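# Structural description and commentary
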Amino acid sequence: MKADGTVNRAALPAIFNPEDLNALEQALRLKASRPGSTVHVLTMGPGRAAEIIREAMYRGADGGYLLSDRAFAGSDTLATSYALSRALANISSDLIICGRQAIDGDTAQVGPQVAEKLGWPQVTYAEEIRVAGEGVLRVRRRLERGAEEVECPLPAVVTVNGSAAACRPRNARLVMKYKHARAAQEAQDASEDYFAMVNERPYLKLTEWNVNDIRCEASELGLSGSPTKVKAIENVVFQAKESRRLSGTDVELDALMKELIANHTIG
Amino acid sequence: MANFYTDNEAIRFHLGHPLMKKIVALKERDFRDAGKHDIAPRDFEDAMDNYDKILEIIGEICGDVLAENAEEVDATGPRVVDGRVEYAPGTRQNHEVLTQAGLYNMSLPREFDGLNFPIVPYVMAAELVSRADAGFGNIWGLQDCAETIHEFANDDQKRRYLPRGAKGETYAMDLTEPDAGSDLQAVQLKASLKEGRWVLNGVKRFITNGDAHVALVLARSEEGTQDGRGLSMFIYDRANGGMTVRRIENKLGIKGSPTCELVFKDAPAELCGERKLGLIKYVMSLMNGARLGVGAQAVGIAEAAYREGLKYARERSQFGKAIIEFPAVYEMLSNMEAKLHGVRSLLYETSRFVDIYKAYTHIAAERPLDKEEKEEQRRYQKLADVYTPLQKLFASEYANEITYDALQIHGGSGYMKDYPIQRLARDARITNIYEGTSQLQVVAAIRGVTTGQYLKQIREVYETAPARPEQEYLRDTLKEMTAAYERAVSLATAPGDPELVDFHARRLVEMAGYAIIGYLLLQDAQRHEGYSRSAAIFVQHAHSRATAHAAFITHFQPKDLGAYKKA
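As the structure is a prediction and not an experimental result, all values here were calculated from the model.

## Quick notes on the overall build of chain B
Along chain B, the regular secondary structure elements total 19 helices and eleven strands. The C-alpha atoms of chain B give a radius of gyration of 23 Å, which matches the 24 Å a tight globule of 567 residues would have. Considered along the principal axes of its C-alpha atoms, chain B spans approximately 70 × 60 × 55 Å. By residue count, 50% of the 567 residues in chain B fall in the buried class. Long-range pairs, those at least 24 residues apart, make up 77% of the contacts in chain B with a sequence separation of at least 6.

Rendered as structure tokens:
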């Protein structure tokens, strides 16, 4: 965390947000059920974030776009969704699937804000996305107590909940095929050999866009486009509760017994 | 969120062995496919990076999926429904995830949808899978069958069968029968030609993953014969029908792996390779691969058991301190660790030998080998032949000793079904039985004793390798052990009585193994300081055992043999 309360991304490794992986799995399932469709990932971050695109390609995505510029630094959810929506305007697509929320801010705002900016309908907390007919999605949504199914016309934005199916593993062949893929920033210091290889294999060149590649208002980007002001950051330590409520299933009881045996409360 | 590859630096350590450079260059034919094939490595570093990355995927799946499912799979197991096997739900998930990750067909060439990995990283994957779920290790490890098809089937069969493994189809090797276990010459399942097609009739028993999509079946194709020369190898495709699963065995361990009794009724099959070579050539090759696989399985189980023992000994407190602080317990743990490091080193030494000779075998199918290459191929094949049973013997016996001690460390809790150690102990128990019992591994390994192969390797390669000055004393002990071994061999062979050699065979093979493993650990300690402890502890342990064997043999009179005979 920086002094101004924004996340110091330079100090963090690029990781796939867990719910983005759930989202990717939904996209890959749709791709498998709709021959001819393709899956591309869009991520905004420093050059290192290209790793997210590669990780998605190792799992079956066709390619991706890295949106990277110092002008995006300090973006809150509003500025982020603005930049993403401007980048999406460059890409022809009819369905945008994203994770419900990232593990840093926990706001769950970016997906819905992107939908608003694009003027597309949105479905949140999705667990399963299917095509119900030409241009219509059927989505199962996770609710606090239960689930509901909704239909939605395309194009649309869907945010996927962590309770959706886990993402498939990285595939060995795809890892070997795409591991040399680089975005422009990463390829800056690459050798001639590398560029010769990329010439032969254009799929190794990941698309990278900076602020000049998307049509946008500079004032709406980064810190200046971010109305969120962080007042203070506090570490919250969760206190262990004295009681625990079990619903009484065999699985839970079994786990409790094991725990009690392991810590020698009984046995 | 465990990763069985990254949490165990021993695997990466062995992957980094200096001989890998040669192995990778041979396997990749000096990187001739680079640029031609999108997954072919460009050079040695690129290939090693591939192995590292892919092992990391396997390690993650092992930690997050296989190990998580292991307990439920052990409790549920597979079942038979209408003559077909249904895996436990966890087993199904394991297989599905590994298929999605593209982790079958690992050692096959890329043209058959393989990854073209050498044996070394493939065996490492087998070790990781077995650490997570040894029973599942069988279903996954039966991809070995594809290696046999690749080596001996015709081009058309290779094209039709091999890519199927990458799509989630599984294999079985149907060898044993009710009256043909260790003695496969007695196989009776009949193969006969019906209107120009081979059909199979008869029963197979104790068949691991018997309801596989594709099976290699050993059958009697030559009517009227009684021995191994009347047996041929067949490829059976389940899609053609004719085979049902009569029952599955209720085993002590490896519950996730269905062990089936199969009934073949006019089941159509294809001849693999040449008639009559089924047992004497193809099964021998299949078995050698499987024995390496069981070695890897045993090392995987031993790794899991050692970790369980260590964890419990640190957590469990008695008499006011953690039990790991008591000499009786820490000695057990240190011995377990030294044995584990020792058999792992032997496993990968053997894998390297297999890698080199196999690569030459495949190269020989493309172009004639020159004199030097032929020489090398012969040398490594001989080494692989005597090292394979040696590592299977030691790995499986040590896996049993390590799980036994790990369970002992758990005390009464170890005897309860509440901790993973009881499953590991049950799983380990099969490793020194199947794919040839330890007694049969000795029968195979004794050739390494009588032909002087082990001694030659020790004297010419291991004994002359450099060591740190402070570790020279270990070499002195190992030299002494080698001399004692040599004396014991001449004492046992001098009278010229084959039965006396058979009687002492296990002692002799173990004496060779003690010295070899000791030297391997000493070598490991040169590359990585961390193995110094295990080298010292193992040599101490092995020296005492070897001395006992030497005393037995020295004081044994040939006439004493009579006293042991039973009828």
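## Describing the overall build of chain A
Within chain A, the secondary structure is distributed over eight helices and eight strands. Along the longest, intermediate and shortest principal axes, the C-alpha atoms of chain A span 65 × 50 × 40 Å. Taken over 267 residues, chain A has a buried fraction of 33%. Within chain A, contacts between residues at least 6 apart in sequence are counted, and of these 66% link residues at least 24 apart.

## Regarding unusual backbone geometry
Most of the time, phi is negative for any residue but glycine, and the peptide bond is trans. Omega for the bond connecting L154 of chain A with P155 of chain A falls within 30 degrees of zero, at -5 degrees, which places this linkage in the cis form. Residue placement: P155 of chain A occurs in the loop between β6 (146-153) and β7 (156-160). The residue F206 of chain B is not glycine, and still its phi comes out positive at about 60 degrees. In this fold, F206 of chain B is placed in strand β5 (residues 197-208). A tally of 18 C-beta atoms within 10 Å means that F206 of chain B is categorised as partly exposed. Here the phi dihedral of N209 of chain B falls at roughly 55 degrees; this positive angle occurs in a residue that is not glycine. Here N209 of chain B is to be found in the loop between β5 and β6 (214-220).

## A look at the domain arrangement of chain B
Along its sequence, chain B is organised into domain 1 (171-279) and domain 2 (438-564). Its C-alpha centre places domain 1 of chain B at a distance of 39 Å from the equivalent point of domain 2 of chain B.

## Quick notes on the pairing of strand β3 (residues 95-99) of chain A
Here is the key point about a regular strand: its side chains alternate between the two faces of the sheet. Residues and elements named next belong to chain A. Counting buried residues in β3 gives four out of five residues, a clear majority hidden from the surface. Of the pairings in the sheet, the one linking β3 to β7 comprises five bridges and is parallel in character. Its bridge partner lying in β7, C98 is registered against T159.

## A few points about the sheet that holds strand β2 (residues 63-67) of chain A
All names here are of chain A. On the basis of which strands lie adjacent, the open sheet formed by three strands has the order β1-β2-β8 and parallel pairing. One side of each edge strand has no neighbouring strand; the edge strands of this open sheet are β1 (40-44) and β8 (207-209). Taken over all neighbouring pairs, the strand axes of this sheet differ in orientation by 20 degrees on average, direction set aside. The pairing of β1 with β2 spans five bridges and is classified as parallel. Bridge pairing in β2 links T43 to L66. Lying over the sheet, helix α3 (residues 77-88) contacts β1, β2 and β8, oriented at roughly 145 degrees with respect to β1.

## Re the sheet that holds strand β4 (residues 122-133) of chain A
Across a sheet, strands are paired by hydrogen bonds formed along the backbone, either parallel or antiparallel in direction. Residues and elements named next belong to chain A. Strand order in this open sheet of five strands is β3-β7-β4-β5-β6, and the pairing throughout is mixed. Each having just a single partner strand, β3 and β6 make up the two edges of the open sheet. Each adjacent strand pair in this sheet contributes to an overall mean axis angle of 35 degrees, direction not counted. Pairing geometry for β4 and β7, over three bridges, is parallel. Note on β7: the bridge partner recorded for V123 is V158. Strands in contact with helix α1 (residues 18-33) are β3, β4 and β7; relative to β3, the strand with the most contacts, it is inclined by about 150 degrees.

## Quick word on the confidence of the model for chain B
Summarising the model, chain B shows a mean pLDDT of 97, and 100% of its residues fall at 70 or more. Scored as a whole, the predicted complex attains pTM 0.92, and scored at its interfaces, ipTM 0.92.

## Side note on the interface of chain A and chain B
Between chain A and chain B, the contact holds 14 residues from the first and 15 residues from the second. Looking at the side of chain A that touches chain B, the elements with two or more residues in it are α5 (172-178) and α8 (250-262) of chain A. Among the elements that take part in the side of chain A that touches chain B, α5 of chain A stands out by supplying five residues, more than any other. Looking at the side of chain A that touches chain B residue by residue, the class counts come to five nonpolar, one polar and eight charged.

## Some thoughts on the nonpolar core
Burial of nonpolar side chains together is a common tendency in soluble globular proteins. Residues and elements named next belong to chain B. Ranked by internal contacts, the top residues of the largest apolar core, which has 230 residues, are L200, F234 and A302. In terms of residue count, the dominant contributor to this core is helix α9 (residues 278-315) (18 residues). Residue contributions to this core reach at least three from each of two domains, namely domain 1 (171-279) and domain 2 (438-564). Once residues lying within four places of it in the same chain are set aside, the contact partners of A302 are L340, V343, Y398, A399 and I402.

## Structural notes on helix α11 (residues 371-409) of chain B
Its 39 residues place the ends of α11 of chain B 55 Å apart at the C-alpha level, agreeing with the 57 Å of an ideal helix rising 1.5 Å per residue. Within α11 of chain B, the axis deviates most sharply at Y387 of chain B, by approximately 25 degrees, and proline P389 of chain B lies no more than four positions further along.

## Notes on the packing of helix α7 (residues 144-152) of chain B against α9 of chain B
Residue and element names in this part refer to chain B. At a minimum axis distance of 10 Å, the contact between α7 and α9 shows a crossing angle of 145 degrees. The crossing of α7 and α9 is right-handed. Between α7 and α9, the residues in contact are D144, E147, T148, E151 and F152 and Y282, S285, L286, G289, A290 and G293, respectively. Taken together, the residues that form the contact of α7 with α9 break down as four nonpolar, four polar and three charged.

## Observations concerning α3 of chain A
The α-helix winds at 3.6 residues per turn, so residues separated by three or four positions along the chain end up facing the same way. Residue and element names in this part refer to chain A. Taking 1.5 Å per residue as the helical rise, α3 with its twelve residues ought to reach 16 Å, and the 16 Å between its terminal C-alpha atoms agrees with that figure. For α3, the full list of buried residues reads T77, A79, T80, S81, Y82, A83, L84, S85, R86, A87 and L88. At its buried positions, α3 is contacted by β1, β2, β3, α4 (110-118) and β8.

## So, the environment of E116 of chain A
By the element assignment, E116 of chain A lies in helix α4. E116 of chain A sits in the partly exposed class, given 13 other C-beta atoms within 10 Å.

## Points about the environment of R352 of chain B
Residue and element names in this part refer to chain B. With respect to the helices and strands, R352 occurs in helix α10 (residues 327-366). Residue R352 is classed as buried on the basis of its 23 C-beta neighbours within 10 Å. As for R352 and T225, which are separated by 127 residues in sequence, their C-alpha atoms are 38 Å apart. Other than its neighbours up to four places away in sequence, R352 contacts H17, L19, I23 and V120.

## Side note on the packing of helix α16 (residues 472-493) of chain B against helix α18 (residues 532-554) of chain B
Residue and element names in this part refer to chain B. Interaxial distance between α16 and α18 falls to 10 Å at its minimum, and their mutual angle equals 25 degrees. Our classification of the angle between α16 and α18 gives roughly parallel. As α16 runs across α18, the sense of the crossing is left-handed. For the pair formed by α16 and α18, the contact residues are L474, T477, L478, M481, A484, A488, L491 and A492 on the first element and A535, A536, V539, A542, H543, A546, H549, A550, I553 and T554 on the second. For the contact of α16 with α18, a count of residues per class yields 14 nonpolar, four polar and no charged.

## Quick notes on the environment of G562 of chain B
As for its position among the elements, G562 of chain B is in helix α19 (residues 561-564). Sequence spacing of G562 of chain B and F31 of chain B is 531 residues, and the spatial spacing of their C-alpha atoms is 60 Å.

Procedures and definitions
- Residues numbered from 1 in each chain as written.
- Chains lettered and ligands numbered in written order.
- Predicted model: local features only at pLDDT ≥ 70, side-chain atom pairs only at ≥ 80, totals over all residues.
- Helix = DSSP H or I, 4+ residues; strand = E, 2+ residues; numbered from the N terminus.
- Rg over C-alpha atoms; globule rule 2.2 N^0.38 Å.
- Buried ≥ 20, exposed ≤ 12 C-beta atoms within 10 Å, placed from the backbone.
- Contact = placed C-beta atoms within 7 Å.
- Domains from an automatic or database assignment.
- Pairing = 2+ DSSP bridges.
- Axes fitted to C-alpha atoms, helices over the stretch in contact; angles between N-to-C directions.
- pLDDT = per-residue confidence, 0-100.
- Nonpolar A, V, L, I, M, F, W, Y, C, P; charged D, E, K, R; others polar.
- Core = buried A, V, L, I, M, F, W, Y, C linked by C-beta atoms within 7 Å.
- Expected span 1.5 Å × (residues − 1).
- Bend = angle between axes of the 7 residues up to and from the residue.
- Left-handed = near helix turned anticlockwise from the far one by under 90°.
- Parallel < 35°, antiparallel > 145°, perpendicular 65-115°, else oblique.

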